[in-house]
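Listed below are the residues making up each chain.
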Amino acid sequence: MKYPKIDRLQFTETGNFFLIAGPCVIENDKNPFEIAEHLVELTTRLHIPFAFKASYRKANRSSINSFTGIGDMAGLQILAAIREKYGVPVVTDIHSEEDAALVAPYVDVLQIPAFLCRQTSLLEAAAATGKCVNIKKGQFLAPEAMTHAVQKMQHFGNTNIMLTERGTTFGYQDLVVDFRSVPVMQRNQVPVVVDITHSLQRPNQTSGVTGGNPDMIETIGRAAVAVGCDGIFMETHPNPSVAKSDGANMLSLHLVEPLLQRLIRIHQAIN
């Protein structure tokens, strides 16, 4: 099955915000398909461009005991199967130069985690694949500083770039979203996404398990659309309480549709 090419034109000429969503990590060989099928049906009906996201491996875990995945090739093969079965682009994270070449054949978008957004060698490796690259803004950076990440990618010959806001460190246990980041990063002439679930993480918990504040997901989503973001990123799961990663800040799958319907109304109002 042919799947849509994912690029800045597809995203910015649709007349609607786009959605990047899925579970935090591939947990097994069943629930990724359940989540993908629900989101594909929903976004098709609501005319929202959609890309499925899941990590094939979680390399950045707080605790040594945290779940990291079902195995690299098993996770990547599930992502490729979702792309083939549902005809949608897929997104996953990479954490090293070696990951870029390994992962590129299986996905459409390589995602650079926020804490690695300044890693020049990683950006170079991602650029060399020719894939669209979504760079998350570091929790420690001003939005203006992401110009350098864009310039690095362009220097290495890849202009198919997105930037994602995911909150800025506020003390030791919380994040805050500065919505000025959206228009500031859009000055780089690239689509800007707002991650409305990771922005509500409460990292560095003494338990070794990241906390969250999912009651505020809709608040962040409404504000993101109201200030004119190009896309929304969220993690979702049929039962976040049993998710093996980031359950504390995920949106329950059955709540995605009413949230998107409200965000569409906001988007229509400002346009």
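For the structure, check the block above.
Calculation rules
- Counting of residues starts from 1 at the beginning of each chain's written sequence and follows it residue by residue.
- Under the rules for a predicted model, residues below a pLDDT of 70 receive no local features and side-chain atom pairs below 80 are neither given nor counted, while totals for whole chains, interfaces and linings still include all residues.
- Side-chain measures were taken over the full set of non-hydrogen atoms in the model, leaving aside hydrogen atoms and water.
- Secondary structure is summarised from DSSP: a helix means a run of H or I of at least four residues, a strand means a run of E of at least two, and numbering begins at the N terminus for each.
- In this description, contact between two residues means that some pair of their heavy atoms is separated by no more than 4.5 Å.
- To obtain an axis, a line is fitted to C-alpha atoms, over the contacting stretch when the element is a helix, and the angle between two such axes runs from 0 to 180 degrees between their N-to-C directions.
- Comment on the angle field: the value is read as roughly parallel under 35 degrees, roughly antiparallel over 145, roughly perpendicular from 65 to 115, and oblique elsewhere.
- Here a crossing is taken to be left-handed if its near helix is turned anticlockwise relative to the far helix by less than a right angle, and right-handed if that turn runs clockwise.
- Amino acids are sorted into nonpolar (Ala, Val, Leu, Ile, Met, Phe, Trp, Tyr, Cys and Pro), charged (Asp, Glu, Lys and Arg) and polar (every other residue, Gly among them).
- One fewer than the residue count of a helix, multiplied by 1.5 Å, yields its expected span.
- Each residue gets one of three labels from its accessible area relative to the maximum for its type: buried under 20%, exposed over 50%, partly exposed in between, using a 1.4 Å probe on protein chains only.
- Any N or O atom pair separated by 3.5 Å or less is treated as a polar contact, with the protein-specific requirement of one donor-capable and one acceptor-capable atom, and with residues adjacent in sequence counted only for side-chain atom pairs.
- We count a salt bridge whenever a side-chain nitrogen from Lys or Arg sits within 4 Å of a carboxyl oxygen from Asp or Glu.

**Here's the deal with the overall build of the protein**
In step 1: Scanning the protein from N- to C-terminus turns up 9 helices and 13 strands.
In step 2: Taking all contacts inside the protein whose residues are at least 6 apart in sequence as the whole, residues at least 24 apart take part in 70%.

**Thoughts on the packing of helix α8 (residues 217-226) against helix α9 (residues 256-270)**
In step 1: Relative orientation of the contacting elements α8 and α9 amounts to 25°, with a least axis distance of 9 Å. Between α8 and α9, the angle is such that the two are roughly parallel. In the crossing of α8 with α9, the sense of the turn from one axis to the other is right-handed. On the side of α8, the interface is formed by Ile217, Glu218, Gly221, Arg222, Val225 and Ala226, while α9 contributes Leu259, Arg262, Leu263, Ile266, His267 and Ile270.
In step 2: Residues that form the contact of α8 with α9 fall into these classes: 7 nonpolar, 2 polar and 3 charged.

**Side note on helix α2 (residues 31-46)**
In step 1: Relative to the 22 Å expected for 16 residues at 1.5 Å per residue, α2 spans 22 Å between its end C-alpha atoms, a close match to the ideal helical length.
In step 2: Among the residues of α2, those classed as buried are Asn31, Pro32, Phe33, Ile35, Ala36, Leu39, Val40, Leu42, Thr43 and Leu46.
In step 3: Check the buried side of α2 and you find it contacts β1 (18-22), β2 (50-53), α3 (72-86), β12 (231-237) and α9.
In step 4: Where α2 ends, the next residue or the one after it, His47, has phi of about 60°, a positive value.

**Section: the environment of Ser55**
In step 1: Secondary-structure assignment places Ser55 in the loop between β2 and α3.
In step 2: For Ser55, a relative accessible area of 1% corresponds to the buried category.
In step 3: Discounting chain neighbours no more than four positions away, the residues touching Ser55 are Pro23, Cys24, Val25, Ile26, Thr92 and Asp93.
In step 4: Of note is the side chain of Ser55, whose polar atom sits 3.3 Å from the side chain of Lys53.

**Overview of the pattern of salt bridges**
When the charged atoms of two side chains with opposite charge come close together, those side chains can pair.
In step 1: All told, the structure shown has 13 salt bridges when counted by the stated rule.
In step 2: Across the salt bridge formed by Asp29 and Lys30, the nearest N and O atoms sit 3.6 Å from each other.
In step 3: On the basis of relative accessibility, which here comes to 62%, the residue Lys30 falls in the exposed class.
In step 4: Note that Asp72 and Arg57 form a salt bridge whose closest N and O atoms lie 2.9 Å from each other. Highlighted residues: Asp72 in helix α3 and Arg57 in the loop between β2 and α3, separated in sequence by 15 residues.

So yeah, pure geometry; function would need other evidence.
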